[in-house]
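Observations on the three-dimensional arrangement
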Amino acid sequence: MKNNPDDYVSKVVDSALEIDAGQWNSLLALQAQPTPFMRHEYLAALERSASATPAAGWTPRFVTLTRGGELQAACALYLKDHSYGEYVFDWAWANAYQQHGLAYYPKALVAVPFTPVPGSRLLARDAGARLALLQALLAWCRKRKLSSLHLLFGADEDVAACAEAGLMLRHTVQFHWTNEAPASSAAAATAGPRRYDGFDQFLASLAQEKRKKIRQEQRKVAEAGVTFRWSAGSGISAADWNFFYRCYERTYLEHGNAPYLTRDFFRRMAATMPRHWVLFIAERGGRPIASSLIAVTGAAAAAGPSSADGRPRVAYGRYWGALERVDCLHFDACYYQPLQWCIEHGLDRFEGGAQGEHKMARALMPVKTTSAHWLAHPAFADAVERFLAREGQGVEHYLAQLERRSPFKQSS
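Now for a description of the structure that goes with this document. Position labels on residues start from 1 in each chain and follow its written sequence. pLDDT decides what is reported in this predicted model: residues at 70 or higher carry local features, side-chain atom pairs at 80 or more are listed and counted, and totals for whole chains, interfaces and linings draw on all residues regardless. Think of the side-chain values as coming from all heavy atoms in the structure, minus any hydrogens and water.

1. Overview of the layout of surface pockets
Applied cut-off: The distinction between a cavity and a pocket rests on a 1 Å grid over the protein atoms alone: a 1.4 Å probe fits inside a cavity but cannot get out, while a pocket stays open yet meets protein on both sides within 12 Å along at least five of seven lines, and a residue with an atom within 4 Å of a point counts as lining. Grid points are joined across faces, edges and corners, and a volume is the space filled by probe spheres set on the points. Numbered from the N terminus, helices here are DSSP runs of H or I no shorter than four residues, and strands are runs of E no shorter than two. Residues are grouped as follows: Ala, Val, Leu, Ile, Met, Phe, Trp, Tyr, Cys and Pro are nonpolar; Asp, Glu, Lys and Arg are charged; every other residue, Gly included, is polar.
By volume, the largest pocket is sized at about 940 Å³. In terms of lining residues, the largest pocket is bounded by 37 residues, among which Tyr 87, Thr 251, Tyr 252, Arg 318 and Tyr 319 are the most central. The set of elements that each furnish at least two residues to the lining of the largest pocket consists of helix 9 (238-254), strand 11 (287-296), strand 12 (314-322), helix 11 (329-344) and strand 13 (349-354). Looking at the lining of the largest pocket, its residues break down into 21 nonpolar, 13 polar and three charged.

This is the structure:
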């Protein structure tokens, strides 16, 4: 432990289990963009299930700042032996280090393992505590002579602190859907955003070719004899969880990889965070053949336009898998069924995960996400900064191109 100039006491522990869950979750609840993936239960399950552990190349370190015995700031930090499971790609940086006889790994990562969801990363009671936490992180990295520190998919407050501390910013593009029906008149436009009344109204807001394509894809699935059912929260049975994992595991194995998350991880989610999950199961002939799992803020079974604290309710498309191949089943299970569920339950946004320009055809629109990076080696830091300036221009150009390809009807 060490006192910093603002009388904070910083501490680094080796496990989420060494931090009081109630204090962590209370601090998370104060943030502007809390997600289920930063809850203590989620992070602890990654460790306990052997999903994110030193053996898998993820060595956990949790950093806390206290003052007067009260938790003021905290973050999840991982020492990484590779760059898998991050979704912000720095393989070229690692290769450049290696070519010059330097060690890039281990590096320090402030992120949620295997989870490219934007949200609060530097949990803090105020901006001063957030900046102090970041400075403690940098000092810890320097002391251990680590090559770099990376904060991925941060909230605006995290990004602002990183910029103030001199970290380099990097931008990527995701695709998110918003539950906002287009205004039909000038009077309606001044009344503010209005949610879709149903999936048909959502389809009606799209350009004809996009609407026609979605209906064709859903028709193909239905004509193949496939129907869907969904379960939420504690209503997801153990049998359905088991079936989901068979699908999830199959998808990874078909691509030649072992799944990132173990079956035990999802057992722990069912036990400790059931309210945050919704499961869609596709059936044919009375047999389940595919599934998709989404996470939600608040309670999955709740209905309404916002959570209890007034924040937007958000769904996150996360995992999918199939035991049988059916044309267009992936699109229906991963986009159309969740979007219909979001509309019926009054959610404000559906985030589709990393990459995927094809998602625009399903009305998920481009959104810029930000990560922050610090490299200890001055020459490499200069080179990366120049690279990021060029890459950033490319991202802005790409976003402008995408905006011109809106799937929605053009207003007259």
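We are not done yet, so read on.
2. Things to note about the nonpolar core
Convention followed: Here, nonpolar core means buried Ala, Val, Leu, Ile, Met, Phe, Trp, Tyr and Cys residues that are tied together by side-chain atoms lying within 4.5 Å of each other. Relative accessibility under 20% of the residue-type maximum defines a buried residue, over 50% an exposed one, and the middle range a partly exposed one, all with a 1.4 Å probe and only protein chains included.
Judged by nonpolar contacts, the single largest core of 49 residues is most densely connected at Tyr 42, Phe 266 and Trp 277. The element contributing the most residues to this core is helix 9, with six residues. In this structure, Ile 214, Tyr 335, Tyr 336 and Leu 364 belong to the second largest nonpolar core, which totals 33 residues.

3. Examining empty space enclosed by the protein
A full pass over the atoms with the stated rule returns one cavity of 30 Å³ or more. Reported here for the largest cavity is a volume of approximately 40 Å³. Tallied by class, the residues present in the lining of the largest cavity amount to six nonpolar, two polar and two charged.

4. Looking at unusual backbone geometry
A cis amide bond, omega 0°, links Tyr 105 with the succeeding residue Pro 106. Among the structural elements, Pro 106 can be located in the loop between helix 3 (91-99) and strand 5 (107-110). Not every positive phi belongs to a glycine, and Ala 50 is a case in point at roughly 65°. With respect to the element layout, Ala 50 can be found in the loop between helix 2 (40-48) and strand 3 (58-67). At Ala 363, a residue that is not glycine, the phi angle is positive and equals roughly 75°.

5. Section: the packing of helix 4 (residues 127-143) against helix 5 (residues 156-164)
To keep it simple, the criterion reads: All axes here are fitted lines through C-alpha atoms, helices being fitted over the stretch that makes contact, and every angle between N-to-C directions spans 0 to 180 degrees. Roughly parallel here means an angle under 35 degrees, roughly antiparallel means over 145, roughly perpendicular means 65 to 115, and every remaining angle is called oblique. Less than a right angle of anticlockwise turn of the near helix away from the far helix marks a crossing as left-handed, whereas a clockwise turn marks it as right-handed. Note on definitions: a residue-residue contact is assigned when non-hydrogen atoms from the two residues lie within 4.5 Å.
Where helix 4 meets helix 5, the closest approach of the two axes is 10 Å, and the angle between their N-to-C directions is 55°. Classified by the interaxial angle, the pair formed by helix 4 and helix 5 is oblique. Judged by the sense of rotation from one axis to the other, the crossing of helix 4 with helix 5 is right-handed. Contacts between helix 4 and helix 5 pair Arg 130, Leu 131 and Leu 134 from the former with Glu 157, Asp 158, Ala 161, Cys 162 and Glu 164 from the latter.

6. Let's talk about the pairing of strand 13
We apply this condition: The criterion for strand pairing is that DSSP finds at least two bridges linking the strands in question. The handedness of a crossover follows from its direction of travel: if, with the strands pointing away from the viewer, the path from the first strand over the helix to the second runs clockwise, the crossover is right-handed.
Relative to strand 13, strand 8 (residues 168-178) runs antiparallel, the two being bridged by four bridges. Note on strand 13: the bridge partner recorded for Trp 177 is Phe 350. Relative to strand 13, strand 12 runs parallel, the two sharing three bridges. Residue Val 314 lies in a different strand from strand 13, and its bridge partner there is Arg 349. A crossover links strand 12 with its parallel partner strand 13, the connecting element being helix 11, and its sense is right-handed.

7. Regarding the pattern of salt bridges
Note the threshold: Within this document, salt bridges are pairs made up of a side-chain nitrogen of Lys or Arg and a carboxyl oxygen of Asp or Glu, the two lying within 4 Å of each other.
Summed over the entire model, instances satisfying the criterion amount to 23 salt bridges. Of the charged contacts in the structure, one is a salt bridge between Lys 107 and Glu 86, with a shortest N-O distance of 2.9 Å. Of this pair, Lys 107 sits in strand 5 while Glu 86 sits in the loop between strand 4 (70-80) and helix 3, placing them 21 residues apart in sequence. Neither residue differs from the other here; Lys 107 and Glu 86 are each classed as buried. One salt bridge in this structure joins Arg 349 and Glu 351, with 3.1 Å as the shortest N-O distance. On the accessibility criterion, Arg 349 (21% relative accessible area) is partly exposed. Through salt bridges with shared partners, one network takes in Lys 80, Glu 86, Asp 90 and Lys 107.

8. Comments concerning the packing of aromatic side chains
Which entries qualify depends on this criterion: Centres within 6.5 Å are what make two rings of Phe, Tyr or Trp a pair, Trp counting through its six-membered ring; a difference in plane orientation under 30 degrees is then read as stacked, over 60 as edge-to-face, and the rest as tilted. Whether a charge sits over a ring depends on NZ of Lys or CZ of Arg being within 6 Å of the ring centre and within 35 degrees of the ring normal.
Per the stated rule, a full pass over the model turns up 31 aromatic pairs. Ring centres 6.0 Å apart and planes at 90° place the aromatic pair Trp 177 and Phe 202 in the edge-to-face group. With a gap of 25 residues between them, Trp 177 in strand 8 and Phe 202 in helix 7 (residues 199-204) connect regions that are remote in the sequence. Judged by relative accessible area, which is 0%, Phe 202 ranks as buried. Geometry around Trp 58 places Lys 80 over its ring, the cationic atom sitting 3.8 Å from the centre.

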